[in-house]
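Examining the three-dimensional arrangement
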Amino acid sequence: MEAQEIISSGLLELYAAGLTSKEKATQVEAWVKQFPEVATELTEIQSGIEMLAIANAIEPDASVKEKILSRINPEEAAKVIPLQAVSTSSKVIGIPSYWKWMAAASVLLLLGSIALNVTYYGKYDTATKDLQQTQQQLADAIQSNTSMKQDMSIMKEDMSVVQSRYSEPVALHGMPVAPNAAAKIFWMKNTGEVYVDPSNLPDVEQGKQFQLWAIVDGKPVDAGMIITSTKGQKVHIQKMKTFGKAEAFAITIEKEGGSPTPTMDKIVVMGKM
């Protein structure tokens, strides 16, 4: 919180009145050390409370007590000894009850002010938490909406490949290394472009990566590395290297970054055109 927010929160008044929790008191003391203006404000509040108590300690006229008691209970009024009847040889210092009532009224006003500050601080604290929660929900919604737009864009690209009238799908089936693995190639007859759908390939150990090969004129030709780790994102159809003609396709497990020649005992899937 900034210094002005602390001053406006009402927490300083609660601290000065001794009504804060141990945790809040510790926080206020930390703020006092951190912000000179907060320390000054707290000093003024404490001085104001002290001055208020002193200002209300007023000794009223001697007849005030008699008048008040006569209204409450006439019998009590008769028991009041006028100050004039007291012997001058004995110095009597009377403490009239009137100042107590005035002080009590002042305390009530102070407590009322503190109660308002408690309410205000509570509402401020709640509003701050609600605002932070709303901001987080808004950020999450924006992130979710952004991710949704990205997913829709990727899906649209995938569908354009799958539904193209020039697309010729080629199924790649699992080999002994991974009999349950599968993949699909989409070869564009008009351009020779090659796309691969690796969504049914198994996981590979760290430091390894799938590599696509095109069999051209009986020889394996590097068709590019396949991305299967996308940090929780859905694996989508990927564009690979372009070939004017290919007889078959295969995918092997190679070291990360690829190999100039395929590792024959690491062929995962394979399929003919």
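Everything numeric here is computed off the predicted structure, so don't read it as measured data.

Reading the values: rules and limits
By convention here, each chain's residues receive numbers from 1 onward along its written sequence. Totals for whole chains, interfaces and linings use all residues, but because this is a predicted model, local features are given only for residues with pLDDT of at least 70 and pairs of side-chain atoms are given and counted only at 80 or more. Computation of side-chain values: all heavy atoms of the structure, hydrogens and water removed. Note on conventions: DSSP H or I runs of at least 4 residues are helices, E runs of at least 2 residues are strands, and numbering of each starts at the N terminus. Classification of residues uses two cut-offs on accessible area relative to the type maximum, computed with a 1.4 Å probe and protein chains only: under 20% is buried, over 50% is exposed, and between them is partly exposed. Note on contacts: a residue pair is in contact if any heavy atoms of the two residues lie within 4.5 Å. Per-residue and other accessible areas follow the Shrake-Rupley method at a 1.4 Å probe size, with only the shown protein chains counted as cover for residues. For two strands to be treated as a pair, DSSP must find no fewer than two bridges joining them. Definition of nonpolar core: a set of buried residues of the types Ala, Val, Leu, Ile, Met, Phe, Trp, Tyr and Cys, connected through side-chain atoms within 4.5 Å. The definition of a polar contact used here is a pair of N or O atoms within 3.5 Å, where within protein one atom must be able to donate a hydrogen and the other to accept one, and adjacent residues in sequence count solely through side-chain atom pairs. One less than the residue count of a helix, multiplied by 1.5 Å, gives the span that helix is expected to have. The arc in question is the one spanned by the directions pointing from the helix axis to the C-beta atoms. Throughout this description, the term salt bridge denotes a Lys or Arg side-chain nitrogen within 4 Å of a carboxyl oxygen of Asp or Glu.

Quick notes on the overall build of the protein
Looking only at helices and strands, one finds seven helices and eight strands in the protein. Here the protein holds 273 residues, and 26% of them are scored as buried. Within the protein, contacts between residues separated by at least 24 positions form 61% of all contacts whose residues are at least 6 apart in sequence. As displayed, the protein offers around 18,500 Å² of accessible surface, 56% of which is attributable to carbon and sulfur atoms.

Here's the deal with the pairing of strand β5 (residues 219-226)
Note that strand β4 (residues 208-216) and β5 share seven bridges and pair antiparallel. By the bridge assignment, V216 is partnered in β5 with K219. Linking β4 back to β5 in an antiparallel pair, the connection comprises two residues, with D217 at a positive phi of about 55 degrees.

Section: the nonpolar core
Judged by nonpolar contacts, the single largest core of 22 residues is most densely connected at L172, I185, V194, L212, F249, I251 and V269. At the level of secondary structure, the elements contributing two or more residues to this core comprise β1 (167-174), β2 (182-188), β3 (194-197), β4, β5, β7 (248-255) and β8 (267-272). When sequence neighbours within four positions are dropped, the list of residues in contact with V194 reads I185, F186, W187, L212, Q238, K239, M240, K241, F243 and F249. Formed by 12 residues, the second largest nonpolar core is a distinct cluster that contains L14, V28, W31 and L42.

With respect to the side chain of S167
When you line up the elements, S167 lands in strand β1. Taking the relative accessible area as the measure of exposure, S167 reaches 12% and is therefore buried. At 3.3 Å, the side chain of S167 and the backbone oxygen of V161 are in polar contact. Residues in contact with S167, not counting those within four places in the same chain, are V161, V162, F186, W187 and M188.

A short note on helix α3 (residues 22-34)
With 13 residues, α3 extends 18 Å from end C-alpha to end C-alpha; this agrees with the ideal 18 Å at 1.5 Å per step. Within α3 the residues assigned to the buried category are A25, V28 and W31. An end-on view of α3 places all buried positions within 120 degrees of arc, on one side of the element. Residues of α3 that are exposed and point more than 90 degrees away from the buried face comprise K22, E23, K33 and Q34.

Here we look at unusual backbone geometry
Trans peptide bonds make up most of the peptide bonds, and negative phi angles are found at most residues other than glycine. If you check the backbone angles, D217 has positive phi at about 55 degrees while not being a glycine. For D217, the location among the structural elements is in the loop between β4 and β5. On the accessibility criterion, D217 (65% relative accessible area) is exposed.

A short note on the sheet that holds β8
The strands making up a sheet are joined through hydrogen bonds of the backbone, oriented either antiparallel or parallel. Taken together, eight strands build an open sheet; the order of strands is β5-β4-β7-β8-β1-β2-β3-β6 and the sheet is antiparallel. Lying at the two open borders of the sheet, with one neighbouring strand each, are β5 and β6 (238-239). Pairing analysis gives two bridges linking β3 to β6, with the strands arranged antiparallel. Bridge pairing in β6 links V196 to Q238.

Some thoughts on the pattern of salt bridges
Considering all chains together, one arrives at two salt bridges under this definition. E193 serves as the salt-bridge partner of K239, at 3.0 Å between the closest nitrogen and oxygen. You can see K239 sitting in strand β6 and its partner E193 sitting in the loop between β2 and β3, a full 46 residues away along the chain. On the accessibility criterion, K239 (49% relative accessible area) is partly exposed. The exposure class assigned to E193 is partly exposed, which follows from its relative accessible area of 21%. Note that K241 and D222 form a salt bridge whose closest N and O atoms lie 2.9 Å from each other. Linking K241 in the loop between β6 and β7 with D222 in strand β5, this pair joins segments that are 19 residues apart in sequence. With relative accessibility at 41%, the residue K241 sits in the partly exposed group.

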